[in-house]
Amino acid sequence: MIPDPEFESVLVWFRRDLRIDDHAALSAATRRARRVHCAFVFDRDILDALPDRDDRRVAFVHASVVELERELRRAGGALHTPHASARAEIPALAARLGVQAVFANRDYEPCARERDAEVERALARDSRALHSFKDQAVFDRDELTTAQGRPYSVYTPYRNAWLRRLSPEDLAPRAALLRGRLASDQGAAGLPTLAGLGFAQASLAGTGVTPGASGARAALDDFASRIDAYRDARDFPALDGSSRLSAHLRFGTVSIRVAAGLAWRTMQADPAAAEGAGAWLDELIWRDFWFQILHHHPRVVEHAFRPEYDRIRWSGDDARWLAWREGRTGYPLVDAAMTQLERTGWMHNRLRMVAASFLVKDLGVDWRLGERHFARKLLDFDLAANNGNWQWTASTGCDAQPWFRIFNPVTQSLKFDADGRFIRRWLPQLAKLPGRAIHAPWRAAPPALAAAGVRLGVDYPLPAVDHETARAETLARYAALRRPRDAPATK
Ligand SMILES: Cc1cc2nc3c(=O)[nH]c(=O)nc-3n(C[C@H](O)[C@H](O)[C@H](O)COP(=O)(O)OP(=O)(O)OC[C@H]3O[C@@H](n4cnc5c(N)ncnc54)[C@H](O)[C@@H]3O)c2cc1C
């Protein structure tokens, strides 16, 4: 039985939840109000600050909003899509529509929380409320805490608590009662074009990602057919081993409940696929983990999670930083990864770790510069995950990679791209190098280089640093700050 609605009308404010299926705020709104208006703001505060006018994220969001608007119209509703500052526009729209409340799904990023607090205050001045809902995460804020009631800062106990707490209700779809509840506002038409927003149509073709909830459904269906192989395939960048759902999870064209539900059901129902599905669920739990870290420790946006690491004296100069950004470090796996990022807006997870580690621990560049570069380029950029993973790699974060563990970029290459398929794809100038030479061209014999048409320093750079020397410098840099309990075990 559905109780009588408590509100005459409310406004659902879409943000990073661009779908109508399994949407917590929309579901609650259609159950608690007689009439539901919908809005997505092309927020000038976000868009105007973006440095690139051909940003792929804007193209992804725009295409996804076009689909959302169509879906809402098909269900009898409408979508307001102003191009304005959301801080001012949402209270103004709420007033124009005469709604009693605004419903939105929670965001954990400090800027978004500050924006929502401002909107809440403006709404309150007109006796309206902002109701927020958990939707991005399976568990959020203080739902999982240690026995002492503190937020977790170590992943494994967090994961164990997450799995212990999980019940069918946590993954149940938040269904909406769309028919008869959605307001078909006439004034809502007129979705701005990308050009109208001040952006060029960035190509999503090379990303392998189709925007919108329909794109997410197709990607999920595709991944469901290979989830069994995830655990074994996910570390090899030349394989199609991971889900490629990150942009969809970022912008909410698929819900986390649907994704985690797929993993959970597969684990229960299909013993042959349980390991793959379990490994994938683990990654989704990492995503929740970083949300709660950012929520409880917003200072990580600018600072090391462990304050002593804010004192690291970085040695990397502009030349090294540019070489990394432009894929010219002379280490093929790193350069291929950076080329993939530049051309597609996505980078394989193993390579994100290798490239990030190389910047910080081989080139001696502050992790924050690398983090910002990823933030600018990644289609799936998510502050919580990006910051958490950069700090993990740089050993400055909670539950991070120990500072004395340093990826060897050649060993990683030999292990995860053994036949050099990934490198050859992104660095065609090295394609003819045989065998192991592709992983470290500077070690190749001159005749092999000549036969492959590679002139080092001309067709492909010499290494920006010697890994062993850089490693020793990094160990000294971190050791200078270390506390006794962090020291590596002696033989
Ligand atoms: C330095 C660095 C920066 C990163 N920056 C981001 C980022 O900005 N946005 C982002 O979504 N992921 C980030 N990741 C995590 C991970 O690399 C990507 O989520 C993954 O590569 C996306 O591809 P996929 O969807 O095929 O992943 P899958 O392997 O299929 O994983 C499924 C989903 O789980 C989540 N996930 C996977 N790994 C992680 C992780 N380590 N931490 C948090 N969530 C995870 C993502 O939502 C992903 O879509 C980063 C990792 C590193 C090492």
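Each value, and the rule that gives it
- Residues numbered from 1 in each chain as written.
- Predicted model: local features only at pLDDT ≥ 70, side-chain atom pairs only at ≥ 80, totals over all residues.
- Heavy atoms only, no water.
- Pairing = 2+ DSSP bridges.
- Helix = DSSP H or I, 4+ residues; strand = E, 2+ residues; numbered from the N terminus.
- Axes fitted to C-alpha atoms, helices over the stretch in contact; angles between N-to-C directions.
- Contact = heavy atoms within 4.5 Å.
- Phe/Tyr/Trp six-rings, centres within 6.5 Å; stacked < 30°, edge-to-face > 60°.
- Lys NZ or Arg CZ within 6 Å of the ring centre and 35° of its normal.
- Near = heavy atom within 4 Å.
- Polar contact = N/O pair within 3.5 Å; in protein donor to acceptor, adjacent residues only side chain to side chain.
- Areas by Shrake-Rupley, 256 points an atom, 1.4 Å probe, with all protein chains shown as cover.
- Nonpolar A, V, L, I, M, F, W, Y, C, P; charged D, E, K, R; others polar.
- Expected span 1.5 Å × (residues − 1).
- Buried < 20%, exposed > 50% of the residue type's maximum accessible area, 1.4 Å probe, protein only.
- Arc of directions from axis to C-beta.
- Domains from an automatic or database assignment.
- Buried area = accessible area lost by both parts, 1.4 Å probe.
- Salt bridge = Lys/Arg side-chain N within 4 Å of Asp/Glu carboxyl O.
- Right-handed = clockwise from strand over helix to strand, strands pointing away.

**Description of the sheet that holds strand E6 (residues 129-133)**
Argument step 1. Across the sheet, four strands lie side by side as E2-E1-E5-E6; this open sheet has parallel pairing. Looking at the sheet topology across the chains shown, the edges are occupied by strand E2 (33-40) and E6. Taking the axes of each pair of neighbouring strands and ignoring which way they run, one obtains an average angle of 25 degrees across the sheet.
Argument step 2. The sheet contact formed by strand E5 (residues 101-105) and E6 spans five bridges and is parallel. Bridge pairing in E6 links alanine 104 to serine 132.
Argument step 3. Where helix H5 (residues 110-125) meets the sheet, it contacts strand E1 (7-14), E5 and E6, and its direction lies at approximately 145 degrees from that of E6.

**Describing the packing of aromatic side chains**
Argument step 1. Applying the stated rule across the entire model yields 25 aromatic pairs.
Argument step 2. With a centroid separation of 5.6 Å and 90 degrees between ring planes, the pair formed by tryptophan 286 and phenylalanine 289 is classed as edge-to-face. A residue pair is termed a helical-turn pair when its members lie 3 or 4 positions apart in one helix, as tryptophan 286 and phenylalanine 289 do in helix H12 (residues 274-296) at three residues.
Argument step 3. One aromatic cluster is present, built from ring pairs that chain together Tyr152, Tyr155, Tyr158, Trp286, Phe289 and Trp290.
Argument step 4. Positioned above the aromatic ring of tryptophan 346 is the side chain of arginine 244, whose terminal nitrogen or guanidinium carbon lies 3.7 Å from the ring centre.
Argument step 5. Taking the ring centre of tyrosine 478 as reference, the NZ or CZ of lysine 361 above it sits at 5.7 Å.

**What to know about the site of the ligand**
Argument step 1. Around the ligand, the structure places 27 residues, and the nearest of them are Tyr230, Ser242, Ser243, Arg244 and Asn349.
Argument step 2. The separation between an oxygen atom of the ligand and a polar main-chain atom of aspartate 382 is 3.0 Å.
Argument step 3. Between asparagine 386 and the ligand, the recorded distance is 3.0 Å, taken from a side-chain N or O atom to a nitrogen atom.
Argument step 4. Bound to the protein, the ligand loses 96% of the 820 Å² it would expose on its own.
Argument step 5. With five residues, H12 is the single largest residue contributor to the shell around the ligand.
Argument step 6. Its residues assigned to classes, the shell around the ligand comprises 15 nonpolar, six polar and six charged.

**Some thoughts on helix H21 (residues 467-479)**
Since the α-helix packs 3.6 residues into each turn, any two residues three or four apart lie on the same face.
Argument step 1. Over its 13 residues, H21 extends 18 Å from the first C-alpha to the last, a length consistent with the 18 Å expected when each residue adds 1.5 Å.
Argument step 2. Those residues of H21 that fall on the buried side of the exposure criterion are His467, Ala470, Thr474, Arg477 and Tyr478. Viewed end-on, H21 has its buried residues packed into an arc of 90 degrees, placing them on one side of the element.
Argument step 3. Close packing links the buried residues of H21 with helix H15 (349-362), helix H17 (383-394) and helix H18 (409-416).

**A look at unusual backbone geometry**
Argument step 1. A positive phi angle, near 60 degrees, is found at serine 127, a position not held by glycine.
Argument step 2. Secondary-structure assignment places serine 127 in the loop between H5 and E6.
Argument step 3. Under the relative-accessibility criterion, serine 127 is labelled exposed at 69%.
Argument step 4. In this structure, arginine 141 is a non-glycine residue whose phi angle is positive, near 45 degrees.
Argument step 5. Along the chain, the position of arginine 141 falls in the loop between E6 and helix H6 (155-165).
Argument step 6. A relative accessible area of 34% means that arginine 141 is categorised as partly exposed.

**Observations regarding the domain arrangement of the protein**
Argument step 1. We note that the domain assignment places domain 1 (1-135), domain 2 (137-170 + 213-296) and domain 3 (307-481) within the protein.
Argument step 2. The C-alpha centroid of domain 3 is placed 40 Å from the C-alpha centroid of domain 1.
Argument step 3. Here domain 1 and domain 3 share an interface that buries about 790 Å² over both sides, 42% of which is from carbon and sulfur atoms.
Argument step 4. With a shortest N-O distance of 2.7 Å, arginine 376 and aspartate 52 are connected by a salt bridge.
Argument step 5. Connecting domain 1 to domain 3 are eight residue pairs in polar contact (both at pLDDT 80 or more).
Argument step 6. Looking at the side of domain 1 that touches domain 3, the element that brings in the most residues is helix H3 (residues 56-74), giving three residues.
Argument step 7. Among the residues forming the side of domain 1 that touches domain 3, the class breakdown is three nonpolar, no polar and six charged.

**Points about the pairing of E1**
Argument step 1. Of all the eight residues making up E1, seven are buried; the element is thus mostly covered by neighbouring parts of the structure.
Argument step 2. Between E1 and its parallel partner E2, the chain crosses via helix H1 (residues 24-32), and the hand of that crossover is right-handed.

**Remarks on the pairing of E5**
Working note: regular strand, side chains alternate between the two faces of the sheet.
Argument step 1. The element E5 is extensively covered by neighbouring structure, given that five of its five residues are classed as buried.
Argument step 2. Side-chain alternation along E5 places Ala101, Phe103 and Asn105 on one buried face and Val102 and Ala104 on a second face that is also buried.
Argument step 3. In the sheet, E1 pairs with E5 via four bridges, with the strands oriented parallel. The residue bridging tryptophan 13 from the neighbouring strand is alanine 104, located in E5.
Argument step 4. Regarding the hand of the β-α-β motif, the stretch spanning E5, H5 and E6 is right-handed.

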